[in-house]
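Spelled out from the first residue to the last, the chains are:
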Amino acid sequence: MDKFEVLRSAAVPLPIENIDTDQIIPARFLKATSREGFGENLFRDWRYDSEGSPIEGFALNDSRYAGKILVAGKNFGCGSSREHAAWAIYDAGFKVVISSYFADIFKGNALNNGLLPLVVSDEMLQRLFVQIEKDPKTELIVDLPAQEFYVPLWEERVSFEIDPYKKECLINGYDDIDFLVNQKEAIEAYENNRPWAY
Amino acid sequence: MAKSLFDKIWDAHVVKSIPGGGLDVFYIDKHLIHEVTSPQAFDELEARNLPLYRKEQIVATADHNVPTKNQHLPIEEPLSRMQVDKLTENCQKFGVELYGLGHQHQGIVHVIGPELGITQPGMTIVCGDSHTSTHGAFGAIAFGIGTSQVTQVMASQCLLLSRPKRMRVTVDGELRKGVTAKDVILYIISKLGTGGATGYFVEYAGSAIRSLSMEGRMTVCNMSIEMGARGGMIAPDETTFEYVKGRKFAPKGEEWEKALAYWRTLYSEEGATFEEDLTYFAEDIAPMITYGTNPGMGIALNASIPDNVPVSEKVSFDKSLKYMGFQPGESLLGKEINYVFIGSCTNSRIEDLRTVASFVKGKHKARNVEAIIVPGSKLVEKQAIEEGLDKILAEAGFELREPGCSACLAMNEDKIPAGAYCVSTSNRNFEGRQGPGARTLLASPLVAAITAVEGKIVDITQYLN
């Protein structure tokens, strides 16, 4: 997993609520047995028509928008647990998704893949959409060590929540497997001392 | 302090709590895997040179990709075949029990777990599939995980988790005629919305829930994720024990008695804390159908599509209705339907097939409708044939296929064409879920069966007396 510290980037806006993981990566593209290459089918059916031509007006096809930050409507990533959704977003070059809230499984999957799900208030989210629409080149800064997010153009800095352990993992590029495998002793002790086991 | 069902099971599975944060090393009793979300996990294990820690606690099946016709022949679609072959190869290499294509126990992972007695009260169960919440019907903590977590469980039989908040949803009273478990959960989701239970683990309680069969309880718990919940569960009772008893992997003899004594302690005590505690009344619930592109967009069959959504939700709402080809404020009654799909981990169990068969007996599907029934497992299929349901269905023009996830997510050949309307007993009506451009209306098996016969959406009350 790549390390994450401070990111400065313009953003791509998707002001739609309840974007489910079937839109992020449709099931018919889940047949690969590796983690790579899902980016080209990110938002496939919103991005391309049935002939494979780009659909005009969709943010990822709009030359005004670029950047490593995706800003999306509330309840992003609901539905299927497919981690392919996080892989596809990351593979397409995004490092942060900003929304006013995320579905639980997606949030966990994102964190396990170096993709930061950043929660802002509904009001801040709307302000961001307005600002990006007004000036698509607007730069956003995400400072993970300081747990702050800001738009240099604006005065205030906004702090965001992240579990301290998950933050360490992102900054250092660690994941839960390393951690859990180091807990073998405790796990074995638990297994041997259960009052009831299946 | 009085404990909830959820707390009792969670606490019993904490290996250790990590100081300074809200994370627990959480032990997993059973790990179910399938062909779509496991290959990268096996690869990761190998790349890190890690052994599979507790292979006897894993059960595998092939379900998401498999064709529902001619399962005895090699899979035609090359990518699907490759994924299913990869699962077989991985299971052989790592020594995992596989109920693959052709095996008498093959089927949808959330159908075979319970029917084989793998799923038991008090367990923790995970699978790389969001509908793992199904198993909560037995009083288990069961939830879907991503592939990285599949690797974690393979490597350590544990996950690193923060404890979700607790929500109780009580449904009291007696369900009206024609109102089924599917209607109950579609009603709850329509009230809470598609993200209304995000961050929570839900316990369903109340006399209407207690009155449901195990199949019905599984339908309810199955769709917990559709309102964002981490999982759903129902306290085990005599209905649960009766269902589990005697199944292939259920405890036997003295072990059964021991298990039963423990399982009887699994309920929420009086005064247990729930961060959210909601009550609904069974009498308020009517047969339901969805009109939009998320499962929260549901209405009573004879109600109208809302025309007063808040301004903030209007863009998404309009996008959804445009996709479906519906107008705000209009009724769905009389709308012609092209397909009826009965299947998926939500509604493909023997009880669902019996409901459909008992309605369509002596009737015939409408000419404009293609009606497909996909049983949840080989055992369901076998039982249906033994009961003669296959003949009743065939005479009514319904095609009984072989088991798999099928048109619920259209990873195999079973796709609904663009623009076509499908009344489906599955769990998701997302854009393109049943095939690019497909329009899905979620409903119960009873509503689906009636729709197939009528060829259009009707108020089913005329059939109920």
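Looking at an unreviewed UniProt entry, chain B carries the name 3-isopropylmalate dehydratase large subunit, with the source organism given as Pontibacter qinzhouensis. Under the UniProt heading Function (unreviewed entry), the entry covering chain B gives this text: "Catalyzes the isomerization between 2-isopropylmalate and 3-isopropylmalate, via the formation of 2-isopropylmaleate."

Chain A has the name 3-isopropylmalate dehydratase small subunit in an unreviewed UniProt entry, where Pontibacter qinzhouensis is given as its organism. Comment text from UniProt for chain A, heading Sequence similarities (unreviewed entry), reads "Belongs to the LeuD family. LeuD type 1 subfamily." We quote the UniProt Subunit (unreviewed entry) comment for chain A here in full: "Heterodimer of LeuC and LeuD."

Chemist: Requested: an account of the interface of chain B and chain A, with residues and values cited.
Modeler: Accessible area lost when the parts come together is the quantity often used to give the size of an interface. On the side of chain A, 56 residues touch chain B, which itself brings 77 residues to the contact. Across the chain B to chain A interface the summed buried area is about 5,200 Å²; carbon plus sulfur atoms make up 58%. Applying the counting criterion to the chain B and chain A interface returns seven salt bridges. Here A:Glu191 ties to B:Arg54 by a salt bridge, and the two come within 2.7 Å at their closest N and O atoms. Applying the counting rule to chain B against chain A returns 31 residue pairs in polar contact (both at pLDDT 80 or more).

Chemist: How would you sum up the environment of B:Asp63? Please name residues and give values.
Modeler: Residue and element names in this part refer to chain B. Here Asp-63 shows up in the loop between strand S4 (58-61) and helix H3 (78-94). Residues Asp-63 and Phe-430, 367 residues apart in the sequence, show an inter-C-alpha distance of 20 Å. The residues touching Asp-63, leaving out its near neighbours within four places in the chain, are His-34, Glu-35, Gly-107, Ile-108, Val-109, Gly-404 and Cys-405. For Asp-63, the side chain forms a polar contact with the side chain of His-64, separated by 2.6 Å.

Chemist: Help me get a handle on the domain arrangement of chain B, residues and values and all.
Modeler: All names here are of chain B. What the domain assignment lists for chain B is domain 1 (5-277) and domain 2 (288-463). The distance between the C-alpha centroids of domain 1 and domain 2 comes to 24 Å. Taken residue by residue, the interface counts 45 residues in domain 1 and 44 residues in domain 2. Its largest share of buried area at the contact with domain 2, domain 1 owes to Thr-68, Ile-108 and Lys-182, together 19% of the area lost on that side. Taken together, domain 1 and domain 2 are joined by two salt bridges. Its salt-bridge partner being Glu-399, residue Lys-69 comes within 3.8 Å of it at the nearest N-O pair. Taken together, the connections running from domain 1 to domain 2 amount to 24 residue pairs in polar contact (both at pLDDT 80 or more). Among the secondary structure elements, those contributing two or more residues to the side of domain 1 that touches domain 2 are H3, helix H4 (109-115), helix H6 (181-192) and helix H8 (214-222). With six residues, H6 is the single largest residue contributor to the side of domain 1 that touches domain 2.

Chemist: Which residues make up the nonpolar core, and what values do they have?
Modeler: Ranked by size, the top nonpolar core spans 110 residues in total, and within it A:Phe76, A:Ile98 and A:Phe149 carry the most contacts. In terms of residues, this core owes the most to one element, helix H15 (residues 445-454) of chain B, which gives seven residues. Domain assignment of the residues forming this core places at least three in each of domain 1 (5-277) and domain 2 (288-463) of chain B. If near-sequence neighbours (up to four positions away) are discounted, A:Phe76 is found in contact with A:Ile19, A:Ile24, A:Phe43, A:Leu70, A:Ile89, A:Val97, A:Ser99, A:Tyr101, A:Phe102, A:Ala103 and A:Phe106. With 82 residues, the next largest nonpolar core counts B:Phe6, B:Ala208, B:Leu260 and B:Leu442 among its residues.

Chemist: An account of the UniProt feature "binding site: [4Fe-4S] cluster" (unreviewed entry) in chain B is requested, with residue identities and associated values reported.
Modeler: Residues and elements named next belong to chain B. The positions that UniProt labels "binding site: [4Fe-4S] cluster" (unreviewed entry) are, in the present scheme, Cys-345, Cys-405 and Cys-408. A maximum C-alpha distance of 8.8 Å among these annotated residues, which run over 64 residues, shows that they cluster at one spot. As for its placement among the helices and strands, Cys-345 is situated in the loop between strand S15 (339-342) and helix H12 (350-360). The class for Cys-345 is buried, based on a relative accessible area of 6%. Apart from residues no more than four positions distant in its own chain, Cys-345 is found in contact with Ile-108, His-110, Val-111, His-131, Asn-222 and Asn-427. The topology assignment puts Cys-405 in the loop between strand S17 (399-400) and strand S18 (421-424).

Rules of the game
- Residues numbered from 1 in each chain as written.
- Chains lettered and ligands numbered in written order.
- Predicted model: local features only at pLDDT ≥ 70, side-chain atom pairs only at ≥ 80, totals over all residues.
- Heavy atoms only, no water.
- UniProt positions renumbered as here; feature names shortened; annotations may be inferred.
- Contact = heavy atoms within 4.5 Å.
- Buried area = accessible area lost by both parts, 1.4 Å probe.
- Salt bridge = Lys/Arg side-chain N within 4 Å of Asp/Glu carboxyl O.
- Polar contact = N/O pair within 3.5 Å; in protein donor to acceptor, adjacent residues only side chain to side chain.
- Helix = DSSP H or I, 4+ residues; strand = E, 2+ residues; numbered from the N terminus.
- Domains from an automatic or database assignment.
- Core = buried A, V, L, I, M, F, W, Y, C linked by side-chain atoms within 4.5 Å.
- Buried < 20%, exposed > 50% of the residue type's maximum accessible area, 1.4 Å probe, protein only.

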